[in-house]
Amino acid sequence: MASVRRTVGRFAAAAAVIVLTQGIGLAAFVVAAARLGPESLGAGAFAMAVVGYAGFVANFGVGPHATRDIGRDPAAAAGIASEAWTLRLLTSGAVALTLFVAAPLLAPEPEGRILLQIAAVAVLFDGISGEWAVLGLHRPALLAVSRLAGQLVYLLLVVLLLRSGDEAGARLFVLFSAVSILITSLLCLVLFVRRAGPVR
């Protein structure tokens, strides 16, 4: 019974952090909207939406399968994660390169092309992510905290560095989003290694 209470408590804490994370992301978006205006914000949001679809393709189902395998055999977590990360980095690299090269076709105007090429880096950063690995270890609270850290940095960057009327505002918006993804990805990687051992 005590173990059930602990499990429920962990998931409740993780859920609370997730809600807080979403709130921080919304606050950052509101600030960005006020400072960038609809045109620049729309261009940046479009680039990040493309990243979302590209990330889905790059994941190729590897993450969910690895999460299941790690959950079934935690002792083999490092080996499973090593294979999954190798495949994810290969697919993410291929998708990021494709997006970078195809940017002129997706957004013929120069600014849109640059935004997509910056966003392509975020796809590569997402390939580093160990969210699926942390979930496989049944550590949702660690995942929630990693996402919270990424969103906090995102909010700080938007509040401190994004300026009204800045011509490079949309580029910074996309870059800050990529940095947020990188921080969450690296934190998940570090937390997984601390729990399961080095990944070779």
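Located above this text is the structure these notes cover.
Keep in mind the model is a prediction, meaning the values are calculated, not measured.

### Here we look at helix H4 (residues 110–128)
With 19 residues, H4 should reach 27 Å at 1.5 Å per residue; the first-to-last C-alpha distance of 29 Å fits that figure. Among the residues making up H4, those that are buried are Gly112, Leu115, Leu116, Gln117, Ala119, Ala120, Ala122, Val123, Phe125 and Gly127.

### With respect to the packing of aromatic side chains
Applying the stated criterion across every chain yields a total of four aromatic pairs. Taking the centre distance of 6.4 Å and the plane angle of 65 degrees together, the rings of Phe29 and Phe173 count as edge-to-face. One end of the pair, Phe29, is in helix H1 (residues 2–59); the other, Phe173, is in helix H7 (residues 169–196), with 144 residues separating them in the sequence.

### Comments concerning the pattern of salt bridges
Under the definition given, this model contains four salt bridges. Linking Asp69 and Arg68 is a salt bridge whose minimum nitrogen-to-oxygen distance equals 3.2 Å. Asp69 gets classed as partly exposed once you look at its relative accessible area, which sits at 27%. In this structure Arg68 comes out as partly exposed when scored by relative accessible area, which is 38%. Salt-bridge contacts for Arg171 lead to Glu111; the nearest nitrogen and oxygen are separated by 2.9 Å. Here Arg171 is found in helix H7, whereas its partner Glu111 is found in helix H4, with 60 residues between them in sequence.

The rules behind each value
Residues numbered from 1 in each chain as written. Predicted model: local features only at pLDDT ≥ 70, side-chain atom pairs only at ≥ 80, totals over all residues. Heavy atoms only, no water. Helix = DSSP H or I, 4+ residues; strand = E, 2+ residues; numbered from the N terminus. Expected span 1.5 Å × (residues − 1). Buried < 20%, exposed > 50% of the residue type's maximum accessible area, 1.4 Å probe, protein only. Phe/Tyr/Trp six-rings, centres within 6.5 Å; stacked < 30°, edge-to-face > 60°. Salt bridge = Lys/Arg side-chain N within 4 Å of Asp/Glu carboxyl O.

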